[in-house]
Structure formats: structure tokens, C-alpha cells
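Chains, contacts and geometry: an overview
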Amino acid sequence: MRIDKYLKVARLIKRRTLAKEMSDQGRITVNGKVAKAGTDVKENDELEIRFGQKIVTVKVTGLSEHANKENAKGMYEVIKEERVSEA
């Protein structure tokens, strides 16, 4: 599954277009490599997403084309969240 679609379905990012923009800006990595919007995501991949001053690292635990709010939380496991200061 494309990373932009996964992030939207898993509800980590609200809109697919925003997920695409973030990946094109190099703010998302998959297993330590910068990801583009078309990068494929598989189970057990580790994603690092930079939201401004917050970095969230998650592990992909499931893939689904569609997910309701309850099922979306089962698609990933948060490994860590950290704040970074921009100096």
C-alpha cells in the first residue's frame, strides 16, 4: 500500500494530500530511508513522521484499504514520540 494512503487510512494524518506533501518534503521515513508518496508500506515497517517540532515513530501492524476509527488504531503501534527544539 502507498504510504500516503496508509497514513490517511490509519488516521495518522487527516488528508491524503497532506500526507503526500509531507512525504515529498522528506518529513517521513520508512525503515530509516526518506519516503516519497508512492513508497510501498508493509507490515513490520517502521515509520518516522515529523510534525513540526514533534517526531512520532510507529510500527506498521496491519494494512487495510478502509478502516473505521476503532480499526485504524490497530493498524500501527506507537514506538515513541519526542519533541525536538528548532534552534
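Computed from a predicted structure; not experimentally measured. (Residues numbered from 1 in each chain as written. Predicted model: local features only at pLDDT ≥ 70, side-chain atom pairs only at ≥ 80, totals over all residues. Heavy atoms only, no water.)

1. Topic: the confidence of the model for the protein chain
Looking at the protein chain, pLDDT values average 89 and 98% of them are 70 or higher. Taking the mean pLDDT of every element in the protein chain, the minimum, 78, falls on helix α3 (residues 69-72) and the maximum, 94, on strand β1 (residues 28-30). (pLDDT = per-residue confidence, 0-100. Helix = DSSP H or I, 4+ residues; strand = E, 2+ residues; numbered from the N terminus.)

2. Points about a positive patch on the surface
Taken together, Lys 8, Arg 11, Lys 69 and Lys 73 make up a surface patch of like positive charges. Locating Lys 69 in the fold gives a position in helix α3. We classify Lys 69 as exposed; its relative accessible area is 53%. (Patch = residues over 30% accessible without salt bridge, like charges linked within 9 Å, V, L, I, M, F, W, Y side chains within 5 Å. Areas by Shrake-Rupley, 256 points an atom, 1.4 Å probe, with all protein chains shown as cover. Salt bridge = Lys/Arg side-chain N within 4 Å of Asp/Glu carboxyl O. Lys, Arg positive; Asp, Glu negative; His and termini not counted. Charge placed at Lys NZ, Arg CZ, Asp CG, Glu CD. Buried < 20%, exposed > 50% of the residue type's maximum accessible area, 1.4 Å probe, protein only.)

3. Comments concerning the side chain of Thr 57
Relative to the assigned elements, Thr 57 resides in strand β4 (residues 54-60). Overall, Thr 57 belongs to the buried group, its relative accessible area being 3%. Discounting residues that sit within four places of it in the chain, Thr 57 has contacts with Glu 46, Leu 47, Glu 48, Glu 77, Val 78, Ile 79 and Lys 80. (Contact = heavy atoms within 4.5 Å.)

4. Looking at the pattern of salt bridges
Pairing of side chains with opposite charge becomes possible as their charged atoms draw close. Evaluation of the coordinates by the stated rule reveals six salt bridges. Arg 2 is paired through a salt bridge with Asp 4; the nearest N and O atoms lie 3.1 Å apart. On the accessibility criterion, Arg 2 (36% relative accessible area) is partly exposed. Accessibility expressed as a relative area gives 3% for Asp 4, which makes it buried. With a shortest N-O distance of 3.4 Å, Glu 81 and Lys 54 are connected by a salt bridge.

5. Quick notes on the pairing of β4
Here β4 lies mainly inside the structure; five of its seven residues are buried. Examined bridge by bridge, strand β3 (residues 46-51) and β4 share six bridges and lie antiparallel to one another. By the bridge assignment, Ile 49 is partnered in β4 with Val 56. Counted along the chain from β3 to the antiparallel partner β4, the turn is two residues long, and its residue Gly 52 has a positive phi close to 55°. (Pairing = 2+ DSSP bridges.)

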